[in-house]
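Coordinate inspection notes
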Amino acid sequence: MDKLVVKGGARLTGRVQISGSKNSALPILAATLLTPETCVIRNVPDLSDIRFMIEIMQRLGAKVTFENGVVTTSAEKIISEVPYDLVRKMRASICFLGPIIARCGQATFSEPGGCSIGDRPIDLHLKGLAELGAPSHNEGGNIYIPKANLVGKEIFLGGKSGSTVLGTDNIMMAATRAKGLTIIESAACEPEVRDLADFLNKMGAKIVGHGTRRLEIEGVDALHGVEHTVIPDRIEAGTFMVSALITQGDVFLAGAEANHLVNVIDRMKSCGAQITSDAKGIQVSAPRKLSSIDLVTETYPGFPTDMQAQLCALMTVTPGISAITEKIYPSRFMHLSELRRMGARVELEGATAILHGVEYLSGAPVMASDLRASAALVLAGLVARGTTEVNRVYHIDRGYEHIDQKLRALGADIERVR
Ligand code: EPU
């Protein structure tokens, strides 16, 4: 198994190219199954999650190639069954449910199991599909949807933590082929949901309101093949912003979209960061001294849960006391005990991490528990005295394209050891 070995202390400077968004590309790839015609998707990041998504599409019967960031798909015929050995490896495979139902009129799907970032039920996906005319039952760990008769309806999709991203994606995709008008209230409005809606509209869908909490989808008889370019990855961009701040650096995030990062930029400016942006990207410069901040994760346009671990890493070495509250996944704090191994002073009170900034962290062997936790440990390693070994690095390869090469090009001392 690979590990990343980081020697802390280098100041990061220069330019880094931000890749296409993982969380946009995954549902867009699933959506290509809505048409038998050829689709070409550009700016797809080379990540293990993407390769796994492609493997599932091939198992479902689609022809798929992936070269130089371009995925070409053609799904003349697909099957309607997604077994456990595929679902258990990647939760995002749930976003095949909507396209399979729309295309095949039935589905058998293994219920996704536990997840290291906390409880991740799919009740809202199933409620929305049932209201649209695709009721399901669970038997032996599988979700069976024996017959779907999709008819547009007004559906309230809010849950205990607000809206659901992949749930909105699933209902929106199924509704493109329902008879009549579907209205989704309390829809997710993340940029990735908007990107999927833009893709579906190019295919011939009739969706309005994307980017807001209310979606209106007029069903159509067929969708056709198109070309599309995936939006830049706002979480990768946010992670590189933290890499600049934690190392007292100065980094240009080429291709990053500031409009997608309004809340993250606002919080980082509160830490003292100097941030400017234009059509080409975002420039981030660290202040001489960072200030502590409080933040709460929320659905978009609030502060993203996928940036919480990275901000925890930053606050471990920021003078003062910071409170970071997780509202989307209240137990997504596995990184804290590993940061403590590096000398961080942190307590967990319910779903709030209280971080007391220390003068320095010390390098240590640490264990990644999930994608964003591993990014946080690499960030901590960049500033720690001595050497940090981040083990189980396959987590980071699920969501960051060539992160070690990109950090090295900015001046970091980081090696991948096989
Ligand atoms: N929820 C329910 N019922 C449902 C679905 C969700 O109660 O049926 C709850 C969840 O438990 C959670 C909240 O709603 O408390 C939000 O979950 P959501 O459904 O929005 O998450 P997701 O769509 O499964 C996507 C991203 C995650 C990201 C979340 C939140 C993809 C592939 N995944 O997951 O990304 O954390 O939205 O923004 O888009 C990551 O990239 O590291 C990652 C985990």
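A few points on the structure. (Residues numbered from 1 in each chain as written. Predicted model: local features only at pLDDT ≥ 70, side-chain atom pairs only at ≥ 80, totals over all residues. Heavy atoms only, no water.)

**Topic: the site of the ligand**
What counts, and what does not: Only a single heavy atom is needed: when it lies within 4 Å of a molecule or strand, its residue is near that molecule or strand. In protein, a polar contact means a hydrogen-donor-capable atom and an acceptor-capable atom, both N or O and within 3.5 Å, with residues adjacent in sequence counting only if both atoms are side-chain atoms; elsewhere, any N or O pair within 3.5 Å suffices. Computed by Shrake-Rupley with a 1.4 Å probe, the accessible areas treat only the displayed protein chains as cover when residues are assessed. Secondary structure counts use DSSP, requiring at least four H or I residues in a row for a helix and at least two E residues in a row for a strand, with both numbered from the N terminus.
Taken together, 24 residues are adjacent to the ligand, and Asp123, Thr164, Asp306, Ile328 and Arg372 come closest. Arginine 120 has a polar side-chain atom sitting 3.0 Å from an oxygen atom of the ligand. Leucine 124 places a polar main-chain atom, nitrogen or oxygen, 2.7 Å from an oxygen atom of the ligand. Burial of the ligand by the surrounding chains reaches 90%, relative to a free accessible area of 830 Å². If you list the elements that add at least two residues to the shell around the ligand, you get helix H1 (22-31), helix H5 (123-131), helix H6 (165-175) and helix H12 (371-383).

**Brief notes about the packing of helix H4 (residues 97-104) against H6**
As a reminder, the rule being used: Note on geometry: axes are lines fitted to C-alpha atoms, helical ones only across the stretch in contact, with angles between N-to-C directions running from 0 to 180 degrees. Note that the term roughly parallel is reserved for angles under 35 degrees, roughly antiparallel for angles over 145, roughly perpendicular for angles of 65 to 115, and oblique for everything else. In this scheme the crossing of two helices becomes right-handed for a clockwise turn of the near helix relative to the far one and left-handed for an anticlockwise turn of less than a right angle. Every residue pair with non-hydrogen atoms within 4.5 Å of one another is taken to be in contact. Gly is put with the polar residues, along with every residue not named as nonpolar or charged; the nonpolar set is Ala, Val, Leu, Ile, Met, Phe, Trp, Tyr, Cys and Pro, and the charged set is Asp, Glu, Lys and Arg.
Contact pair H4 / H6: the axes reach a minimum separation of 7 Å and the direction vectors enclose 15°. When the interaxial angle is binned, H4 and H6 end up roughly parallel. Crossing of H4 against H6: the hand is right-handed. Within the contact between the two elements, H4 uses Leu97, Gly98, Pro99 and Ala102 and H6 uses Asn170, Met173 and Ala174. When its residues are assigned to classes, the contact of H4 with H6 shows five nonpolar, two polar and no charged.

**Observations regarding the sheet that holds strand S24 (residues 413-417)**
Rule in force here: What makes two strands pair is DSSP finding at least two bridges between them.
Pairing is mixed in the open sheet, where four strands are placed in the order S22-S23-S1-S24. Each edge of the open sheet carries a strand with a single partner, namely strand S22 (365-367) and S24. Within the sheet, the average angular offset between the axes of one strand and its neighbour, ignoring direction, is 20°. Inspection of the sheet shows strand S1 (residues 3-7) paired to S24 by five bridges, in the antiparallel sense. Across the sheet, valine 5 pairs through a bridge with glutamate 415, a residue of S24.

**Comments concerning the pattern of salt bridges**
Formally: For this analysis, a salt bridge means a side-chain nitrogen from Lys or Arg found within 4 Å of a carboxyl oxygen belonging to Asp or Glu. Buried residues are those whose accessible area, probed at 1.4 Å on protein chains only, stays under 20% of the maximum for their type, while exposed residues exceed 50% and partly exposed ones sit between those limits.
Under the definition given, this model contains 18 salt bridges. Across the pair lysine 127 and glutamate 131 runs a salt bridge whose closest N-O atoms are separated by 3.7 Å. One end of the pair, lysine 127, and the other, glutamate 131, are both in helix H5, four residues apart, so they sit about a helical turn from each other. Residue classification places lysine 127 among the partly exposed positions, given a relative accessible area of 32%. A salt bridge links arginine 214 to glutamate 216; the nearest nitrogen and oxygen atoms lie 3.1 Å apart. Judged by its relative accessible area of 27%, glutamate 216 falls in the partly exposed class. Among the ionic contacts, a cluster of salt bridges with common partners joins Asp2, Asp397, Asp404, Arg416 and Arg418.

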